Amino acid sequence: MCLAIPGKIISQEERENLKMAKVSFGGAIREVCLDLVPEAKDGDYVIVHVGYALNIIDDNEAVETLKLFEELEACG
Amino acid sequence: MKYLDEYRDSSNIKSIYLKICEITTKQWRIMEVCGGQTHSIMKYNLENILPDKISFIHGPGCPVCVTPIEMIDKAIYLAGLEDVILVSYGDMLRVPGTYTDLLTCKANGADIRMLYSPLQAIKIAVENKDKKVIFFAVGFETTAPANALSIISANKQKVNNYFMLCSQVTVPTALELLLSNRNNVIQGLLLPGHVCTVMGYEEYFPIVEKFNIPAVVTGFEPADILNGVYTLIKQLEDDECTIKNEYKRLVRKEGNKQAKAIINEVFDKCDQHWRGIGNIPGSGLRIRDEYLAYNAEIEFGLSKINIIEEISKIYKNKIIDGSSVCIAGEVLQGIAKPNKCPAFGIECTPGHPLGAPMVSSEGACAAYFRYAKED
Ligand code: SF4
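Residues numbered from 1 in each chain as written. Chains lettered and ligands numbered in written order. Predicted model: local features only at pLDDT ≥ 70, side-chain atom pairs only at ≥ 80, totals over all residues. Heavy atoms only, no water.

J.: Mind laying out empty space enclosed by the protein, listing which residues take part and the relevant values?
T.: Residues and elements named next belong to chain B. Counted under the stated rule, the structure contains 3 cavities of 30 Å³ or more. Its boundaries defined by the atoms lining it, the largest cavity holds a volume of some 100 Å³. Lining the largest cavity are 14 residues, and of these Cys326, Ile327, Cys341, Cys348 and Cys365 sit closest to its centre. Among the residues making up the lining of the largest cavity, the classes are represented as 13 nonpolar, 1 polar and no charged. In this structure, the second largest cavity encloses a volume near 50 Å³. Looking at the second largest cavity, the residues that line it are Gly35, Thr38, His58, Gly59, Cys62, Cys65, Val331, Leu332, Glu362, Gly363 and Ala364. Elements supplying a minimum of two residues to the lining of the second largest cavity: helix H2 (35–43), strand S2 (54–61) and helix H16 (328–332). Per-class residue counts for the lining of the second largest cavity are 5 nonpolar, 5 polar and 1 charged. (1 Å grid on protein atoms, 1.4 Å probe; cavity = no way out; pocket = protein on both sides within 12 Å on 5 of 7 lines; lining within 4 Å. Points joined across faces, edges and corners; volume = space filled by probe spheres on them. Nonpolar A, V, L, I, M, F, W, Y, C, P; charged D, E, K, R; others polar. Helix = DSSP H or I, 4+ residues; strand = E, 2+ residues; numbered from the N terminus.)

As structure tokens, then:
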């Protein structure tokens, strides 16, 4: 139940006091609430759980992790 | 970059795997705390590809599995009342209560609806003003902020026919209980990445210190899990003991402050019964007195009603009784693997679950059934 998937914010609007966004999950668009990540901008990737974005994915850290994998390969 | 495929890439997986093989010299037993991680481990066959020296102990991290039977019975009782719509996450509908499950009640005419998000619960309440809408809210800290926001939204929008039957649990206290067990054999922890996305990992430092057990905050994709294992084994082999964060793209040490503030606004700590494990003091979240008007237990006077007696009037025979064979308690505490259960795959299957770990897709029994039946 803690399943959460990454998606990209396409657009945002304020509705019924909620900060809502259209988020693309590999092309499939769903409505997501951004109330837990009010600082999120269009184009940001967020991790989404039961209709709410839990956090913004840190692009630099994501790249760092992938670089680390490459380094492991290089010295492996 | 989609933050998904890269972490499933086979060359990445292979390189980490080789490093793990290289550094592992002793036998290590590690627990992945979260059911979502158990699911990935089984799906990608990670236990079998790793060196024999490393074994996984599957943790209790499936909220559907640990929801106490009394709460399921309460939901079943409430769903049977006039003018009530009961809503919950899909998995909850199939978990056996004492007499029946919610899906059977639905088939018998109760207005029970499956939710994808708590946002829908409020919408249903707004659209059905003449009904009382009860959200059977379960979950770990990952789900708690969304559940909390539904109450805040109802309050802001002055929706007064929305109520919550609340059965939420928190990870650290339960983990402490498992590690305190005399028979505990766990030597390292893969911490639940999405719980930590919300809460951060500061609250695990006292546990790591007290039990002298290293931990790594770990994600859910195969490369994430292997990387978590690598970092954990490295700590174990080097006799190091701290918390390392290998899910940095999402987890900050202090977590998501906004989400934590929202949880605190609506919920406070309470003692909680975990199905198959027992009462764990301080391991639950209940609705604060300020939001009492949204508490279904209060609104429907549940403490004054003998729920079992009420349900038994409708369901004359105890039709579900997996309790004599089901060893879910041992499975949830990592003492037994699902395929050691005599009912596994025979009387108990996802189509006919005897216990909650076979219901939820993140339950260890369901993960074994799906991916490792032949073992
Ligand atoms: S296989 Fe079924 S009966 Fe056995 S422990 Fe798992 S849920 Fe219970």
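J.: Could you give an account of the environment of Ile122 of chain B, with specific residues and numbers?
T.: Residues and elements named next belong to chain B. Here Ile122 shows up in helix H7 (residues 118–127). Residue classification places Ile122 among the buried positions, given a relative accessible area of 6%. Here the alpha-carbon distance between Ile122 and Cys65, two residues 57 residues apart in the chain, equals 26 Å. Each residue touching Ile122, except ones within four places of it in the same chain, is listed here: Ser150, Ser153, Ala154, Gln157, Val159 and Tyr162. (Buried < 20%, exposed > 50% of the residue type's maximum accessible area, 1.4 Å probe, protein only. Contact = heavy atoms within 4.5 Å.)

J.: So what's going on with the sheet that holds strand S9 (residues 243–245) of chain B? Residues and values would help.
T.: All names here are of chain B. In spatial order, the strands read S2-S1-S7-S8-S9; together these 5 strands make up an open sheet with parallel pairing. Taken across any chain shown, the strands that pair with only one partner, and hence form the sheet edges, are S2 and S9. Shown here is a sheet whose adjacent strand axes are inclined to one another by a mean of 25°, direction ignored. Contacts from H2 reach strand S1 (28–34), S2, strand S7 (188–192) and strand S8 (215–218), with the element oriented near 120° to S1. (Pairing = 2+ DSSP bridges. Axes fitted to C-alpha atoms, helices over the stretch in contact; angles between N-to-C directions.)

J.: Account for the confidence of the model for chain A, naming residues and giving values.
T.: Looking at chain A, the pLDDT average stands at 85 and 82% of residues meet or exceed 70. The secondary structure element of chain A with the lowest average pLDDT is helix H1 (residues 59–75) of chain A, at 67, and the one with the highest is strand S5 (residues 52–56) of chain A, at 95. (pLDDT = per-residue confidence, 0-100.)

J.: Could you give an account of the confidence of the model for chain B, with specific residues and numbers?
T.: Per-residue pLDDT for chain B averages 90, and the proportion of residues at 70 or more is 96%. Reported confidence for the predicted complex is 0.86 by ipTM and 0.89 by pTM.

J.: Just give me the short version of the pairing of S2 of chain B, but keep the residues and values in it.
T.: Residues and elements named next belong to chain B. Buried residues dominate S2, accounting for 7 of its 8 residues. Where S1 lies against S2, 6 bridges are found, and the strand directions are parallel. Bridging across to S2, Arg29 finds its partner in Ser55.

J.: I'd like a description of the nonpolar core, backed by residues and values.
T.: Residue and element names in this part refer to chain B. If you look at the biggest cluster of nonpolar residues, it comprises 110 residues, and the most contacted ones within it are Tyr162, Leu189 and Tyr204. Ignoring any residue separated from it by four or fewer positions in sequence, one finds Tyr162 in contact with Ala121, Ile122, Ala125, Val133, Phe135, Ser150, Ile151, Ala154 and Tyr294. Formed by 23 residues, the second largest nonpolar core is a distinct cluster that contains Ile13, Leu46, Val229 and Leu232. (Core = buried A, V, L, I, M, F, W, Y, C linked by side-chain atoms within 4.5 Å.)

J.: How would you sum up the layout of surface pockets? Please name residues and give values.
T.: Taken as a whole, the second largest pocket spans an internal volume of roughly 460 Å³. Lining the second largest pocket are 20 residues, with Arg15 and Glu16 of chain A together with Leu119, Gln120 and Lys123 of chain B sitting closest to its centre. At the level of elements, strand S2 (18–25) and strand S3 (28–33) of chain A together with H7 of chain B are the ones that each hand at least two residues to the lining of the second largest pocket. Looking at which element gives the most residues to the lining of the second largest pocket, the answer is H7 of chain B, with 7 residues. Taken together, the residues that form the lining of the second largest pocket break down as 9 nonpolar, 5 polar and 6 charged.

J.: Which residues make up the sheet that holds strand S3 (residues 84–89) of chain B, and what values do they have?
T.: All names here are of chain B. An order of S4-S3-S5-S6-S11-S10 is seen for the 6 strands of this open sheet, with the pairing classed as mixed. The open sheet has two edge strands with one neighbour each: strand S4 (112–115) and strand S10 (267–274). Between one strand and the next, the sheet's axes are offset by a mean angle of 25°, whatever the strand orientation. Summarising the sheet, strand S5 (residues 132–139) and strand S6 (residues 162–169) pair through 7 bridges and their orientation is parallel.

J.: So what's going on with the interface of chain A and chain B? Which residues, and what values?
T.: The interface is formed by 38 residues belonging to chain A together with 49 residues belonging to chain B. Buried surface at the junction of chain A and chain B, both sides included, amounts to about 3,900 Å², of which 66% is carbon and sulfur. The interface formed by chain A and chain B includes 0 salt bridges. Looking at the side of chain A that touches chain B, the elements with two or more residues in it are S2, S3, strand S4 (45–49), S5 and H1 of chain A. Of all the elements, H1 of chain A adds the most residues to the side of chain A that touches chain B, at 11 residues. Among the residues making up the side of chain A that touches chain B, the classes are represented as 25 nonpolar, 6 polar and 7 charged. (Buried area = accessible area lost by both parts, 1.4 Å probe. Salt bridge = Lys/Arg side-chain N within 4 Å of Asp/Glu carboxyl O.)

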